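What follows is the residue order along each chain.
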Amino acid sequence: MDSQIPHLRKTPTSSQLIVKGKPFLMLAGELHNSSLSSSPYMRSILPNMKDMHMNTLLGSVTWEMIEPVEGSFDFSVLDQVILDCREFKMHLVLLWFGSFKNALSTYAPSWVKKDVKRFPRVHTLEAGGVRKTLELVSPFCEEGWKADSKAFATLMRHLKEFDGDDNTVLMVQVENETGLLGDSRDRSRVADELFKKAVPEDVMSHLQTRFDDGLHPLFKKRFPNLKDHTPGTATWEEVFGKGIDAEEMFMAHAFSKYVGHVAAAGKAEYPIPLYTNVWLNFDDPSTLDLQGLPVVVGGGAKAGVYPSGGAVPHTMDLWKLNTVALDFISPDLYFHDYEQVCKQYTHQNQPLFIPEQRRDERGARRIWLAYASYCSMGCSPFGIDSLPASESPITKHYALLESVSNIILDVKATRPQEMKGFYFDELSETQAEKPWVFNLGNFELTIERAFVFGKAGPGAGMVIHQGDGKFLLVGWGFQVTFKSTDPKATFTGILYSEEKSIDKNTGELKTERVMNGDETRSGSFYIMPNEDPDYGGFPIAVTIPCRTMIAECTAYSVVEEEGDF
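Residues numbered from 1 in each chain as written. Predicted model: local features only at pLDDT ≥ 70, side-chain atom pairs only at ≥ 80, totals over all residues. Heavy atoms only, no water.

Comments concerning the overall build of the protein chain
Inference 1: If you tally the helices and strands in the protein chain, you get 15 helices and 23 strands.
Inference 2: For 565 residues, the compact-globule estimate of 2.2 N^0.38 gives 24 Å, and the protein chain sits close to it at 26 Å.
Inference 3: Taken over 565 residues, the protein chain has a buried fraction of 56%.
Inference 4: Pairs at least 24 apart in sequence give 74% of the contacts found in the protein chain among residues at least 6 apart.
Inference 5: Within the structure as shown, the protein chain displays about 23500 Å² of accessible surface, and the carbon and sulfur contribution to it stands at 50%.
Inference 6: Counting 57 positive and 76 negative side-chain charges, the protein chain places the centres of these two groups 4 Å from one another. (Helix = DSSP H or I, 4+ residues; strand = E, 2+ residues; numbered from the N terminus. Rg over C-alpha atoms; globule rule 2.2 N^0.38 Å. Buried < 20%, exposed > 50% of the residue type's maximum accessible area, 1.4 Å probe, protein only. Contact = heavy atoms within 4.5 Å. Areas by Shrake-Rupley, 256 points an atom, 1.4 Å probe, with all protein chains shown as cover. Lys, Arg positive; Asp, Glu negative; His and termini not counted. Charge placed at Lys NZ, Arg CZ, Asp CG, Glu CD.)

Describing the nonpolar core
Inference 1: Of all hydrophobic cores here, the largest spans 143 residues; its most connected members are Leu57, Trp96, Leu159, Val172 and Phe240.
Inference 2: Counting residues per element, this core draws most heavily on helix H10 (residues 244-269), at 10 residues.
Inference 3: Residues Met26, Val93, Phe97 and Phe353 belong to the second largest nonpolar core, which totals 16 residues. (Core = buried A, V, L, I, M, F, W, Y, C linked by side-chain atoms within 4.5 Å.)

Remarks on the packing of helix H5 (residues 142-163) against H10
Inference 1: Interhelical geometry of H5 versus H10 gives an angle of 25° and a closest axis separation of 7 Å. As summarised for this structure, H5 and H10 are arranged roughly parallel, according to the angle between their axes. Note on packing geometry: the crossing formed by H5 with H10 is right-handed. Residues Gly144, Trp145, Asp148, Ser149, Phe152, Ala153, Met156, Arg157 and Lys160 of H5 form the contact with H10, whose own contacting residues are Tyr258, His261, Val262, Ala263, Ala265, Gly266 and Glu269.
Inference 2: Residue composition of the contact of H5 with H10, grouped by class: 8 nonpolar, 4 polar and 4 charged. (Axes fitted to C-alpha atoms, helices over the stretch in contact; angles between N-to-C directions. Parallel < 35°, antiparallel > 145°, perpendicular 65-115°, else oblique. Left-handed = near helix turned anticlockwise from the far one by under 90°. Nonpolar A, V, L, I, M, F, W, Y, C, P; charged D, E, K, R; others polar.)

Some points on unusual backbone geometry
Inference 1: Of note, the phi angle at asparagine 349 is positive, near 65°, even though the residue is not glycine.
Inference 2: Looking at the secondary structure, you find asparagine 349 in the loop between helix H12 (338-344) and strand E12 (354-357).
Inference 3: In this structure asparagine 349 comes out as partly exposed when scored by relative accessible area, which is 39%.
Inference 4: At aspartate 468, a position not held by glycine, the phi torsion is positive, near 55°.
Inference 5: Take aspartate 468: it is sitting in the loop between strand E17 (459-467) and strand E18 (470-476).

Considering the side chain of threonine 395
Inference 1: If you trace the backbone, threonine 395 turns up in helix H14 (residues 393-403).
Inference 2: Leaving out residues up to four positions away in the same chain, threonine 395 has contacts with Asp51, Met52, His53 and Ala389.

Description of the sheet that holds strand E10 (residues 274-279)
Inference 1: Spatially, 8 strands are ordered E4-E5-E6-E9-E10-E11-E12-E13 in a closed barrel, and the strand pairing comes out parallel. Averaged over all pairs of adjacent strands, the angle between their axes in this sheet comes to 30°, without regard to strand direction.
Inference 2: As paired strands, strand E11 (residues 328-333) and E12 are joined by 2 bridges and run parallel to one another. Residue pairing across strands places leucine 333 opposite glutamine 357, the latter belonging to E12. (Pairing = 2+ DSSP bridges.)

As for the pattern of salt bridges
Inference 1: Going through the model one piece at a time under the given rule, you end up with 36 salt bridges.
Inference 2: A salt bridge links aspartate 425 to arginine 362; its shortest N-O distance comes to 3.4 Å. Of this pair, aspartate 425 sits in the loop between strand E14 (419-424) and strand E15 (436-440) while arginine 362 sits in helix H13 (residues 361-373); the two residues are 63 residues apart in sequence, bridging distant segments of the chain. You'll find aspartate 425 and arginine 362 in the same group, each marked buried. (Salt bridge = Lys/Arg side-chain N within 4 Å of Asp/Glu carboxyl O.)

Points about empty space enclosed by the protein
Inference 1: Here the structure, examined in full by the defined rule, presents 5 cavities of 30 Å³ or more.
Inference 2: Taken as a whole, the largest cavity holds about 100 Å³ of empty space.
Inference 3: If you trace the largest cavity, you find 17 residues lining it, with Glu499, Met528, Pro529, Arg547 and Met549 closest to the centre.
Inference 4: Looking at the lining of the largest cavity, the elements with two or more residues in it are E18, strand E22 (526-528) and strand E23 (550-558).
Inference 5: A per-element tally of the lining of the largest cavity places E22 first, with 3 residues.
Inference 6: Broken down by class, the residue content of the lining of the largest cavity amounts to 12 nonpolar, 2 polar and 3 charged.
Inference 7: Together, Asp289, Leu333, Tyr334, Phe335, His336, Tyr338, Gln357, Arg358, Arg362, Gly363 and Arg366 line the second largest cavity.
Inference 8: For the lining of the second largest cavity, the element with the most residues is H13, which contributes 3 residues.
Inference 9: Broken down by class, the residue content of the lining of the second largest cavity amounts to 4 nonpolar, 3 polar and 4 charged. (1 Å grid on protein atoms, 1.4 Å probe; cavity = no way out; pocket = protein on both sides within 12 Å on 5 of 7 lines; lining within 4 Å. Points joined across faces, edges and corners; volume = space filled by probe spheres on them.)

Digging into the packing of helix H6 (residues 189-196) against H10
Inference 1: Their axes nearest at 11 Å, the elements H6 and H10 cross at an angle of 110°. By the angle between their directions, the pair H6 and H10 is classed as roughly perpendicular. Across from Ala191, Leu194 and Phe195 in H6, the residues of H10 making contact are Ala246, Glu247 and Phe250.
Inference 2: Its residues assigned to classes, the contact of H6 with H10 comprises 5 nonpolar, no polar and 1 charged.

Some remarks on H13
Inference 1: An ideal rise of 1.5 Å per residue puts 18 Å on 13 residues; H13 measures up with 19 Å between its terminal C-alpha atoms.
Inference 2: The buried fraction of H13 is high, at 12 of 13 residues.
Inference 3: Every buried residue of H13 is listed here: Arg362, Gly363, Ala364, Arg365, Arg366, Ile367, Trp368, Leu369, Ala370, Tyr371, Ala372 and Ser373.
Inference 4: Looking one or two places after H13, you find cysteine 375, whose phi comes out positive at around 50°. (Expected span 1.5 Å × (residues − 1).)

Thoughts on the sheet that holds strand E20 (residues 491-502)
Inference 1: Within the open sheet, the 6 strands sit side by side as E14-E17-E18-E23-E20-E21. Their pairing is antiparallel. Of all strands in the sheet, those with a lone pairing partner are E14 and strand E21 (509-514), marking the two edges. Looking at each pair of strands side by side, their axes are set apart by 30° on average, direction ignored.
Inference 2: Packed onto the sheet, H13 meets E14, E17 and E18 and runs at close to 170° relative to E14.
Inference 3: Running over the sheet, H14 touches E17, E18, E20 and E23 and is turned about 155° from E18.

In short, shape yes, function no, at least from these values alone.
Shown next, in the form of structure tokens:
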């Protein structure tokens, strides 16, 4: 592989994106679906995106646009977009909307849509056994994946020729939220016949071999008896149970094989990182962060309500088997428990990238957890181009992350376990709140909302252990208490603390103020305050507003003997 093209480099717990030989932290945003179809529109939004401190934009390249006539390709719009992004020092992650976008084939070219003989559709059964034809190319259609593979390979070959030296394009997403809506499996005659057959022997052998050490916990929880079956003889229903579970796994095999063919064709032309994204499911609606929204926005608890066959956690192992050209699988994360999904999609040290998430303040706070605790290569709030930078919550968060990005990248590469992220939403009047507790170095850190006499505000940030009890604190709206993990310690306190900023010329930390007294509650804990602390009517301003949102704090402990008391 050419080491000068964008690629992934292994770290102790994940992987980093390497661009021009150096680690790169994507401060990303995803555009609305149609934005990249117009180069004048794209040029008009780039200044606003730079004002939001973004360095990477996700946008769609569609099969219908680049191959409107079979065998005739047009990259003129894409090329101009790449040139304009290059001028603004903005990178791109391209989203290949080929055969599948949100469980449909609406971005396939007209010559594919019209030819149902060559490109047969998926069929579902509605109430009363009524058969319905979907605008969805069958994942069992060889002509479909061959045509899609040819188009995708041509795109990747063009990117290598047009952008291989400049690396404006960092990665490519293959298809979008693949699967089937409206039923748990395809009801066509071809699908019916295949569903009756045995699970392919290679699939069963792979899953059984890795069952005890390697498969996703949610797969093993759902299918605990997988090892009881003989490879090559048991049917889908015999292995995975009658009904929806078997039908979903059957569709996951079909869709992942199809996407695997497409990804492999593109990788062979230009081996930059490739991934696919996922419309998430849920098992327990109480875990969703809905804030009064209907449960339906959470993705669905039943295959067919969420796209059946997509790479949700309990099908991910099948997807990884069939899509070896993909470097990772990414969750679109809107209303789920943010940390649980990060855990699910970093299983077996898979690199984390969040290609879609909320663009509001609630979403913005959570990116600190992804970047710090789960070493995310990037987060990407969706629909970012219709939001002015002056009104976007992302602007403040990305500005601070941008300033410390070199520090973050260095920690990720060498000692990722020494960095943790956290957030606090608006204070709830009904729900009890637990602090974030981390063991870093020889200290237990308890992170709570920043103290105020009035109402405590929201906050977000990260803490990095720099060694010997020295910690870098980044963010606002929180406070940190230190406790020695040495059971013999009789006292833990703050030895020294400084407000820091980043030197714009060198990128190094520099000291602004030496902090003590009220700012450390006389050594009890270190406060990273909000911009406008609520004094609650108290006449003495003992909590200062945040300024640089970066501080360095050294904790210490003492061990006393009996004679010292």
